[in-house]
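Secondary and tertiary structure notes
What follows is each chain in one-letter form.
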Amino acid sequence: MTIQQTVSVLTARSILEGIDAVTIDQLPTVWQKIASGEAEVGHPDLEFLVALAQLFLSKATDGSPEIFEQGFDCQSLFQKGAWDTLEF
């Protein structure tokens, strides 16, 4: 009997599954350029990188319980920090 292990592969589609993610046009301009192929980056999977940016900004701005504990009063500061992080 052979047992095969299943390895989950992260894809742009899988990391955004079930997430009400920001759209590409809601990302900083540099990420819109990456998404359209206008900006060169050192990674072969632009769709995956953009999906990570979408996930990051979505989670940083939607009050996600994974990030914001009840009573956390610095959400707006974190939201600005997330935007600033994505603008490079």
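Residues numbered from 1 in each chain as written. Predicted model: local features only at pLDDT ≥ 70, side-chain atom pairs only at ≥ 80, totals over all residues. Heavy atoms only, no water.

1. A closer look at the side chain of Gln54
- Along the chain, Gln54 falls in helix α3 (residues 46-61).
- A distance of 2.8 Å separates a polar atom in the side chain of Gln54 from the backbone oxygen of Val22.
- Sequence-distant contacts of Gln54, defined by excluding residues within four places in its chain, comprise Leu16, Ala21, Val22, Thr23, Ile24 and Leu27. (Helix = DSSP H or I, 4+ residues; strand = E, 2+ residues; numbered from the N terminus. Polar contact = N/O pair within 3.5 Å; in protein donor to acceptor, adjacent residues only side chain to side chain. Contact = heavy atoms within 4.5 Å.)

2. Quick word on helix α2 (residues 29-36)
- Of all the residues in α2, the buried ones are Val30, Trp31 and Ile34. For α2, the buried positions fall inside an angular range of 95° around the axis, keeping them on one side.
- Following α2 by one or two positions, Gly37 has its phi on the positive side, about 85°. (Buried < 20%, exposed > 50% of the residue type's maximum accessible area, 1.4 Å probe, protein only. Arc of directions from axis to C-beta.)

3. Remarks on the environment of Gly81
- Position of Gly81 among the secondary structure elements: in helix α4 (residues 75-86).
- A relative accessible area of 31% means that Gly81 is categorised as partly exposed.
- For the pair Gly81 and Leu57, spaced 24 residues apart in sequence, the C-alpha separation works out to 9.8 Å.

4. Details of the nonpolar core
- One finds Leu27, Trp31, Ile34, Val50, Ala53, Leu57 and Leu86 to be the most contacted residues of the largest nonpolar core, which totals 13 residues.
- Here this core gets five residues from one element, more than from any other, and that element is α3.
- Counting residues in each nonpolar core, the second largest holds five residues, with Ala12, Ile15, Leu16 and Phe48 among its members. (Core = buried A, V, L, I, M, F, W, Y, C linked by side-chain atoms within 4.5 Å.)

5. Some details on the side chain of Ser58
- Residue position: Ser58 is located in helix α3.
- In terms of polar contacts, Ser58 uses its side chain to reach the backbone carbonyl oxygen of Gln54, at 2.7 Å.

6. Observations concerning the confidence of the model for the protein chain
- In the predicted model, the protein chain carries a mean pLDDT of 80, and the fraction of residues at 70 or more is 73%.
- Of all the helices and strands in the protein chain, α4 carries the lowest mean pLDDT, 68, while α2 carries the highest, 95. (pLDDT = per-residue confidence, 0-100.)

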